[in-house]
Amino acid sequence: MFNNLSNFSYKRNFKEAVGFYIYYLIYILIFAVFITVVTEIIFQFPAEKSFEVGLNIGILSSVFITIILSYLILSKKKLLNFNNILFILLSGIFSFFGGAVLGLTIVAFLTTRSSHIIDKSE
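Residues numbered from 1 in each chain as written. Predicted model: local features only at pLDDT ≥ 70, side-chain atom pairs only at ≥ 80, totals over all residues. Heavy atoms only, no water.

Trainee: Report on the nonpolar core, specifying residues and quantitative values.
Mentor: Grouped together as the largest cluster of nonpolar side chains are 19 residues, with contacts concentrated most on Phe8, Phe20, Tyr24, Leu69, Ile73, Leu104 and Val107. Of all the elements in the fold, those that place two or more residues in this core are helix H1 (14-43), helix H2 (47-76) and helix H3 (82-111). When residues in this core are grouped by element, the largest group, seven residues, is from H3. Setting aside chain neighbours within four positions, we find Ile73 in contact with Phe8, Phe20, Val107, Leu110 and Thr111. (Core = buried A, V, L, I, M, F, W, Y, C linked by side-chain atoms within 4.5 Å. Buried < 20%, exposed > 50% of the residue type's maximum accessible area, 1.4 Å probe, protein only. Helix = DSSP H or I, 4+ residues; strand = E, 2+ residues; numbered from the N terminus. Contact = heavy atoms within 4.5 Å.)

Trainee: Explain the packing of aromatic side chains residue by residue, including any values.
Mentor: All told, the structure shown has six aromatic pairs when counted by the stated rule. Where Phe96 meets Phe97, the ring centres are 5.0 Å apart and the plane angle is 85°; that geometry is what we call edge-to-face. (Phe/Tyr/Trp six-rings, centres within 6.5 Å; stacked < 30°, edge-to-face > 60°.)

Trainee: Got a sec to walk through a nonpolar patch on the surface? Specific residues and values, please.
Mentor: There is a patch of nonpolar side chains on the surface, built from Tyr71, Leu80, Phe82, Ile85, Leu86, Leu89, Leu90, Ile93, Phe94, Phe96, Phe97 and Leu102 and spanning about 1,200 Å² of accessible area. Sort the elements by how many residues they give to the nonpolar patch and H3 lands first, with 10 residues. For Phe97, the position within the fold is in helix H3. Judged by its relative accessible area of 68%, Phe97 falls in the exposed class. (Patch = residues over 30% accessible without salt bridge, like charges linked within 9 Å, V, L, I, M, F, W, Y side chains within 5 Å. Areas by Shrake-Rupley, 256 points an atom, 1.4 Å probe, with all protein chains shown as cover. Salt bridge = Lys/Arg side-chain N within 4 Å of Asp/Glu carboxyl O.)

Trainee: Which residues make up unusual backbone geometry, and what values go with them?
Mentor: Even without a glycine there, the phi angle at Lys78 is positive, about 60°. Examined against the element boundaries, Lys78 turns out to sit in the loop between H2 and H3. With relative accessibility at 55%, the residue Lys78 sits in the exposed group.

Trainee: Account for the packing of H1 against H3, with residues named and values stated.
Mentor: Here H1 crosses H3 at 140°, and the two axes come no closer than 9 Å. The angle between H1 and H3 places the two elements in the oblique class. By crossing handedness, the relation of H1 to H3 is classed as right-handed. Residue-level contacts link Ala17, Phe20, Tyr21, Tyr24, Leu25 and Ile28 of H1 to Ala100, Val101, Leu104, Thr105, Val107, Ala108 and Thr111 of H3. Taken together, the residues of the contact of H1 with H3 break down into 11 nonpolar, two polar and no charged. (Axes fitted to C-alpha atoms, helices over the stretch in contact; angles between N-to-C directions. Parallel < 35°, antiparallel > 145°, perpendicular 65-115°, else oblique. Left-handed = near helix turned anticlockwise from the far one by under 90°. Nonpolar A, V, L, I, M, F, W, Y, C, P; charged D, E, K, R; others polar.)

Trainee: Can you break down H2 residue by residue, with the values?
Mentor: Along its 30 residues, H2 runs 43 Å from first to last C-alpha, staying within 8% of the 44 Å computed at 1.5 Å per residue. Against H1 and H3 lie the buried residues of H2. Trailing H2 by a residue or two, Lys78 shows a phi angle of about 60°, which is positive. (Expected span 1.5 Å × (residues − 1).)

Trainee: Tell me about the side chain of Arg12, residues and numbers included.
Mentor: Summarising the element assignment, Arg12 is placed in the segment before H1. Of the side chains bearing the opposite charge, Glu16 lies closest to the buried Arg12, which forms no salt bridge; the N-O distance is 5.9 Å. Filtering out sequence-adjacent residues up to four positions away, Arg12 remains in contact with Asn3, Asn4, Leu5, Asn7, Ala17, Phe20, Thr111 and Thr112. (Lys, Arg positive; Asp, Glu negative; His and termini not counted.)

Put into C-alpha cells, the structure is as follows:
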C-alpha cells in the first residue's frame, strides 16, 4: 500500500493510490504546520490573526504541492498533453477550494493511469 511513493512513473492500483493519497495528505499537513510555525516565530502575528495566516499557508501549500505532484506524475509517465494539463490545473483548483483533501484526489487518480513507458515492475 505504501510502496513506491516517490516513483511517479509507477502505475498504482486502487489500494496503492489510497496509500499514496494518505501519505501525501499527511505530508502536506506537516509541511503546512511547519511553515506556519516558522512564520509565526518570525513575524509574531497577533493571536486573532494566527489562525487566518495558518489557513492561508495551508491552502497555498496544498495548491503548490498538488500542482507539482500532478506535473511530476504526468511528466514521468510521458503523458503531458493538453487534456492532461487540464488535470494539473484541476488539482490546483480543487486544492484552492477544498484543500489537500480534494486536490489530492486528482493526483491519486493520475497515479492509476498507464504510462507510455513500459514498466517492468507490473
